Amino acid sequence: MKILVAIKQVPERDAPVRIGASGKWIEEADLQFALNEPDAYALEEALQLKDKHGGEVVAVSAGPERVGSTLREALAKGADRAIHIVCDDLGERDALGVARLLAGAIKPEDPDLVLTGLQSEDLGHGQTGVIVAELLGLPHATLILHVEKTETGIKAKREMEEGWFQFIETSTPAVLTMQSGGNKLRYATLMGIKRAKTKEMRQIAAAELGADATPTAVLESIVLPQKKKSTQMLSGSPKEAAAALVEKLKAEARVL
Amino acid sequence: MSGVLVICEERAGRIGRTSWEALTAGQRLNDAVTAVVIGAQTESLAAEVAARPLGKVIRVEHTLLAPYTGDGFTLALEQLIRAEKPDYVVFPHTYQVRDYAPALAARFGQSLIGDVIGMAEGPVFARQLMQGRLHGQYRPSGNGPCFLSVQAGAFPAEAAGAAAGAASPAISNFAPTLDAAQIRTRPGEPFRESAQTVDLGSAQRIVSVGRGIKDAANLPLVQDLAAALGAELAASRPICDAGWLPMERQVGSSGQTVAPRLYVAVGISGAIQHLVGMKGSQCIVAINKDVEAPIFEVADYGISGDLFEVVPALTEALKAAQ
């Protein structure tokens, strides 16, 4: 089974994000970046399928030079090779624009399966996988926890709302967007990190893919959320704050 | 025509609440709102939605539209949109919509503006970025219809200024051309993993724990707090993903929706997937080291500090107060 895994590099979860000078994007200068967590689950599922059925796992990501480190991490965890779509204006493209880049790089690979996380932790559109399927003319399923190979394709466990699940079957090739929590994520071993250095990482310039970059939804500005509620912050030492809170919950909110 | 199509979603045989909210959002964009109901049997859904003063109601009906498949819904709605030529297509932001609306929009060369939480003149649509820490303002610039989905709870479900005694909207039918071979996925019956043994929905007090707890070995800290409060213990998704607490204790869009009198969020940053599951709580307390965490936007009381110091202090204070 040949599996392409589309991954994204995003700001680290606890990184302090600030609005950049343009007001249209965040200040990236001091940020640390990491692999988008839902994509880590997509990579894990791909590696487990390869462990069971053999084949090849190829990681693909779009973004500037720094994205190379996240692709290297995927290689260290066990991906066989990587494709880096070099693109410095990722944030200016909309979900369709980014999906066009990925689909353009994936199509010539002719994979059996394309996996990606259900959403990114930075923009959170949650659309890339579904649009890639549309552009490649492939069936898709979303919010998948586990994938089993069948004789004619795959059977996938899909999460629905409020604790419900269903199995969904489709032929391959297909595109699946992965929900988190289906597997335990593996760490890269020292041997894996060493091997990753010798694995193929091919760069493709975004321009080579000829994808239309004009967004139909333009991110005009980024603002700080306006508080809807006035939160009473309780200060002092932990002991003082705790005592103040108990008093408020009793006398003011009357919930104790 | 121009105007707005609002795609309503069925929940247990009725129009779901977020669909009513999507109708409100649609009516703020334009008076000429058409509600669309879609499925294999849509008569009662159409009658239900027609109780609202709307431009009209369209029933998109075909035997292949039940059960839901992404292919079926995309094909049927593509045909409807080509026939109706709306300026806007509005969806409730549900799991089902996330499964097909991005593909449908792409078919028109458009990008869906998803999970919208507000709109302003222009129109400009607001949605959350960076796990809710920032908001982005999006302006549609395409020359096709603008596709958007609205977040649960972002708009009121009730129609504003509904004219009493307004004429009921006309209901018409739209029969899409569908072939069984075009439906490439075979969905199975929905099921639950096991009988739910914890009913967080009826709990009066909940202590909920998130990533900030760092390790399963630290859970006794919040268990003690829950015991001191007489509260149920709950968690955000990452805690259940890691297997530290069972999935049935998860609060959020993929878990349970709760509205207790008191909700204490410990080490939870407040990503939207969690907030939608608990923001209806009467009194919300947040304990988090990051004073800019979005959980403080919905909290009534906040303590910005190290939970490993604050939580034991709070447990002690509660015991002393009893």
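Caption draft 1: Examining the packing of helix α3 (residues 70-84) of chain B against helix α4 (residues 95-107) of chain B more closely. Residue and element names in this part refer to chain B. Where α3 meets α4, the closest approach of the two axes is 9 Å, and the angle between their N-to-C directions is 45°. With respect to α4, the element α3 is oriented oblique. The hand of the α3/α4 crossing is right-handed. From α3, Gly70, Phe73, Thr74, Leu75, Leu77, Glu78, Ile81 and Arg82 reach across to α4, where they touch Gln96, Asp99, Tyr100, Ala103, Leu104 and Arg107. Looking at side-chain class alone, the contact of α3 with α4 contains seven nonpolar, three polar and four charged residues.

Caption draft 2: Structural detail: the pattern of salt bridges. Evaluated as defined, the whole model comprises 32 salt bridges over all chains. In this structure, B:Lys56 and B:Glu84 form a salt bridge, with 3.3 Å as the shortest nitrogen-oxygen distance. Note that B:Lys56 is positioned in strand β5 (residues 56-61) and B:Glu84 in helix α3, a separation of 28 residues in sequence. Here B:Asp241 makes a salt bridge to B:Arg237, at a shortest N to O gap of 3.3 Å. With a gap of four residues between them, B:Asp241 and B:Arg237 both fall in helix α6 (residues 237-241), about one helical turn apart. One continuous salt-bridge network, built from bridges that share partners, spans A:Lys2, A:Glu56, A:Arg81, A:Glu109, A:Glu200 and A:Arg202.

Caption draft 3: Main features of the interface of chain B and chain A. In this assembly, 76 residues from chain B lie in contact with 85 residues from chain A. Both sides of the chain B and chain A interface together cover about 7300 Å² of buried area, and 53% of this is carbon and sulfur. The interface formed by chain B and chain A contains six salt bridges. Put simply, B:Arg107 and A:Glu134 hold a salt bridge, and the shortest N to O gap is 2.9 Å. Remark: the boundary between chain B and chain A carries 46 residue pairs in polar contact (both at pLDDT 80 or more). Classifying every residue of the side of chain B that touches chain A by side-chain character gives 32 nonpolar, 22 polar and 22 charged. Of the strand pairs in this sheet, strand β9 (residues 164-171) of chain A and strand β12 (residues 185-187) of chain B are connected by three bridges, and their pairing is antiparallel. Residue pairing for β12(B): A:Glu169 is matched across the bridge by B:Arg186.

Reading the values: rules and limits
Residues numbered from 1 in each chain as written. Chains lettered and ligands numbered in written order. Predicted model: local features only at pLDDT ≥ 70, side-chain atom pairs only at ≥ 80, totals over all residues. Heavy atoms only, no water. Axes fitted to C-alpha atoms, helices over the stretch in contact; angles between N-to-C directions. Helix = DSSP H or I, 4+ residues; strand = E, 2+ residues; numbered from the N terminus. Parallel < 35°, antiparallel > 145°, perpendicular 65-115°, else oblique. Left-handed = near helix turned anticlockwise from the far one by under 90°. Contact = heavy atoms within 4.5 Å. Nonpolar A, V, L, I, M, F, W, Y, C, P; charged D, E, K, R; others polar. Salt bridge = Lys/Arg side-chain N within 4 Å of Asp/Glu carboxyl O. Buried area = accessible area lost by both parts, 1.4 Å probe. Polar contact = N/O pair within 3.5 Å; in protein donor to acceptor, adjacent residues only side chain to side chain. Pairing = 2+ DSSP bridges.

Shape descriptors only; they carry no functional weight alone.
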